[in-house]
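Chain residues, written in single-letter form:
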Amino acid sequence: MRCLLIAICILSGLVGCATVDVTKTSKGFDAPTKPNDVEIFQTRPDRPFTELGSIATTEWAPSDTAKLHNALREKAAPLGANAVIIVSSGMAPTGSWGTMQMWSNAVAIRFK
């Protein structure tokens, strides 16, 4: 029983809690959109758009790319975003175990 408790504590330390921070950069109010309708872009789209806010997210497991994208959608939708442009992303080491975690910086946008 004691070994099980120790193992659970170690695994809890290895599994970080992902964070997502949003900063609204636009003036005014746009009607919220549905998260499922928010597109994810790796490059700037050709269509004209307005920037609504920046989104920074960290501490994602390398296998959680889909969860990271869904978190971006969930945070962008209340701003009225139609899309999110990922402007930078990468992997960073964490802790003394040599594990890696994903991070991403993005911009929430609304097409004109």
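Placed above this text is the structure.
Just so we're clear, the structure is a prediction, and the values are computed from it rather than from any experiment.

Overview of the overall build of the protein
So, point 1. A count of helices and strands for the protein gives 2 helices and 5 strands.
So, point 2. Start at the N end of the protein and walk to the C end: the helices and strands fall as α-β-β-β-α-β-β.
So, point 3. Taken across its 112 residues, the protein has 29% of its residues classed as buried.
So, point 4. Here the analysis covers contacts within the protein between residues at least 6 apart in sequence; of these, 78% occur between residues at least 24 apart.

As for the sheet that holds strand β1 (residues 19–24)
Pairing between sheet strands relies on hydrogen bonds along the backbone, with the strands arranged either parallel or antiparallel.
So, point 1. Read across the open sheet, the 5 strands follow the order β1-β3-β5-β4-β2; overall the sheet is mixed. Both outer strands of the open sheet, β1 and β2 (39–41), are each paired with one neighbouring strand and no more. In this sheet, adjacent strand axes meet at a mean angle of 25° when their direction is disregarded.

So, the pairing of strand β4 (residues 83–94)
So, point 1. Alignment of β2 against β4, held across 3 bridges, turns out to be parallel. Following the sheet pairing, Ile40 is matched in β4 by Val84.
So, point 2. In this structure, β4 lies alongside strand β5 (residues 99–111), joined through 11 bridges in antiparallel fashion. When the bridges of β5 are listed, Ala83 appears paired with Ile109.

A short note on helix α2 (residues 65–76)
So, point 1. Its 12 residues give α2 an end-to-end C-alpha distance of 17 Å, which sits within 8% of 16 Å, the value for a rise of 1.5 Å per residue.
So, point 2. Among the residues of α2, Leu68, His69, Ala71, Leu72 and Ala76 are the ones counted as buried. One side of α2 holds all its buried residues, which, seen down the axis, span an arc of 155°. Residues of α2 that are exposed and point over 90 degrees away from its buried face: Ala66 and Lys67.
So, point 3. Next to the buried residues of α2 lie β1, β2, β3 (49–60), β4 and β5.

With respect to the packing of aromatic side chains
So, point 1. Here the structure, examined in full by the defined rule, presents 1 aromatic pair.
So, point 2. Where Phe41 meets Phe111, the ring centres are 6.3 Å apart and the plane angle is 85°; that geometry is what we call edge-to-face. With Phe41 in strand β2 and Phe111 in strand β5, this pair connects stretches of sequence that are 70 residues apart.
So, point 3. If you follow Arg47 out to its NZ or CZ, it ends over the ring of Phe111, 3.8 Å from the centre.

About the cut-offs
- Residues numbered from 1 in each chain as written.
- Predicted model: local features only at pLDDT ≥ 70, side-chain atom pairs only at ≥ 80, totals over all residues.
- Heavy atoms only, no water.
- Helix = DSSP H or I, 4+ residues; strand = E, 2+ residues; numbered from the N terminus.
- Buried < 20%, exposed > 50% of the residue type's maximum accessible area, 1.4 Å probe, protein only.
- Contact = heavy atoms within 4.5 Å.
- Pairing = 2+ DSSP bridges.
- Axes fitted to C-alpha atoms, helices over the stretch in contact; angles between N-to-C directions.
- Expected span 1.5 Å × (residues − 1).
- Arc of directions from axis to C-beta.
- Phe/Tyr/Trp six-rings, centres within 6.5 Å; stacked < 30°, edge-to-face > 60°.
- Lys NZ or Arg CZ within 6 Å of the ring centre and 35° of its normal.

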